[in-house]
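# Descriptive structure summary
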Amino acid sequence: RGEIKNGLWMTLNGGKLLVSVAKDGEAIDLQSEEFPFEEANIKTGGYGITDVAWRDDDEVWAVGGSNTMYVSKDNGKNFQFDKSANDIPGNLYNVKFFPDYGNAGWALGSSGLLLQYVGEKA
């Protein structure tokens, strides 16, 4: 949740996403020369991922090209497509959550696009 010691992520060409999370509650050793990355199960259709953010200990959001958004409820192992920004042209570049402000979330995109996380629909 905004702290590098809790997990790292890396993207590769073709929309692949690799996640390295802390095991058994231990922080990731940032002095290590290797990190235990595991490929996340995410189907991007080739769209690149530009940012990833943990909303809480289990919920992870990824954003990318063509305003694509994906959410994981299992700490980044499996992602599902979220169609919230499907009809908005452009790209999403950043996603952030702010625990100090009630875990409010925002995604920033092209042409000044700013999306607010409002939670799940009832």
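Every value quoted in this text rests on a predicted model; they were computed, and no experiment measured them.

Our next topic: a nonpolar patch on the surface. On the surface, F98, Y101, W106, L108 and L114 cluster together into a nonpolar patch covering about 540 Å² of accessible area. With respect to the helices and strands, L114 occurs in strand 10 (residues 114-117).

Let us look at the packing of aromatic side chains. In the structure shown here, the tally under the stated rule is three aromatic pairs. Pairing Y70 with F81 gives two aromatic rings, centres 5.7 Å apart and planes at 65°, and the pair type is edge-to-face. One end of the pair, Y70, is in strand 6 (residues 68-72); the other, F81, is in strand 7 (residues 80-82), and eleven residues separate them in sequence. Between F97 and Y117, the ring centres sit 5.6 Å apart and the planes meet at 80°, which makes this aromatic pair edge-to-face.

Take the environment of V95 next. As for its placement among the helices and strands, V95 is situated in strand 8 (residues 92-98). Owing to a relative accessible area of 4%, V95 belongs among the buried residues under this scheme. Ignoring anything within four residues of it in the chain, the contact list for V95 reads D51, V52, A53, W61, V63, W106 and A107.

The subject of this paragraph is the nonpolar core. It is characteristic of soluble globular proteins that their nonpolar side chains tend to be buried jointly. If you look at the biggest cluster of nonpolar residues, it comprises 13 residues, and the most contacted ones within it are W61, V63, M69, L92, V95, F97 and L115. At the level of secondary structure, the elements contributing two or more residues to this core comprise strand 5 (60-64), strand 6, strand 8 and strand 10. The element that contributes the greatest number of residues to this core is strand 8, accounting for three residues.

Attention shifts here to the sheet that holds strand 4 (residues 49-54). Taken together, the four strands give an open sheet; going across it, the order is 4-5-6-7, and neighbouring strands pair in antiparallel fashion. Two strands bound the open sheet, and with one partner strand each, they are strand 4 and strand 7. Taken over all neighbouring pairs, the strand axes of this sheet differ in orientation by 25° on average, direction set aside. Relative to strand 5, strand 4 is paired through five bridges, and the arrangement is antiparallel. Looking at strand 5, one finds that A53 is bridged to W61.

Another point: the sheet that holds strand 2 (residues 16-21). With antiparallel pairing, three strands are arranged side by side in an open sheet as 1-2-3. Whereas interior strands pair on both sides, the edge strands pair on one side only; in this sheet they are strand 1 (7-12) and strand 3 (38-39).

A word on unusual backbone geometry. Notably, N103 is not glycine yet its phi reads approximately 65°, a positive angle. Within the fold, N103 resides in the loop between strand 8 and strand 9 (104-109). At S111, a position not held by glycine, the phi torsion is positive, near 55°. As for its placement among the helices and strands, S111 is situated in the loop between strand 9 and strand 10. For S111, a relative accessible area of 84% puts it in the exposed group.

Moving on, we get to the side chain of T44. Among the secondary structure elements, T44 is positioned in the loop between strand 3 and strand 4. Take T44: its relative accessible area is 7%, and that puts it in the buried class. A distance of 3.5 Å separates a polar side-chain atom of T44 from the backbone oxygen of G14. Beyond its immediate sequence surroundings of up to four residues, T44 is in contact with G14, G15, I49 and Y70.

Cut-off values and rules
- Residues numbered from 1 in each chain as written.
- Predicted model: local features only at pLDDT ≥ 70, side-chain atom pairs only at ≥ 80, totals over all residues.
- Heavy atoms only, no water.
- Patch = residues over 30% accessible without salt bridge, like charges linked within 9 Å, V, L, I, M, F, W, Y side chains within 5 Å.
- Areas by Shrake-Rupley, 256 points an atom, 1.4 Å probe, with all protein chains shown as cover.
- Salt bridge = Lys/Arg side-chain N within 4 Å of Asp/Glu carboxyl O.
- Helix = DSSP H or I, 4+ residues; strand = E, 2+ residues; numbered from the N terminus.
- Phe/Tyr/Trp six-rings, centres within 6.5 Å; stacked < 30°, edge-to-face > 60°.
- Buried < 20%, exposed > 50% of the residue type's maximum accessible area, 1.4 Å probe, protein only.
- Contact = heavy atoms within 4.5 Å.
- Core = buried A, V, L, I, M, F, W, Y, C linked by side-chain atoms within 4.5 Å.
- Pairing = 2+ DSSP bridges.
- Axes fitted to C-alpha atoms, helices over the stretch in contact; angles between N-to-C directions.
- Polar contact = N/O pair within 3.5 Å; in protein donor to acceptor, adjacent residues only side chain to side chain.

So, to be careful, I would describe these as geometric facts and stop short of saying anything about function.
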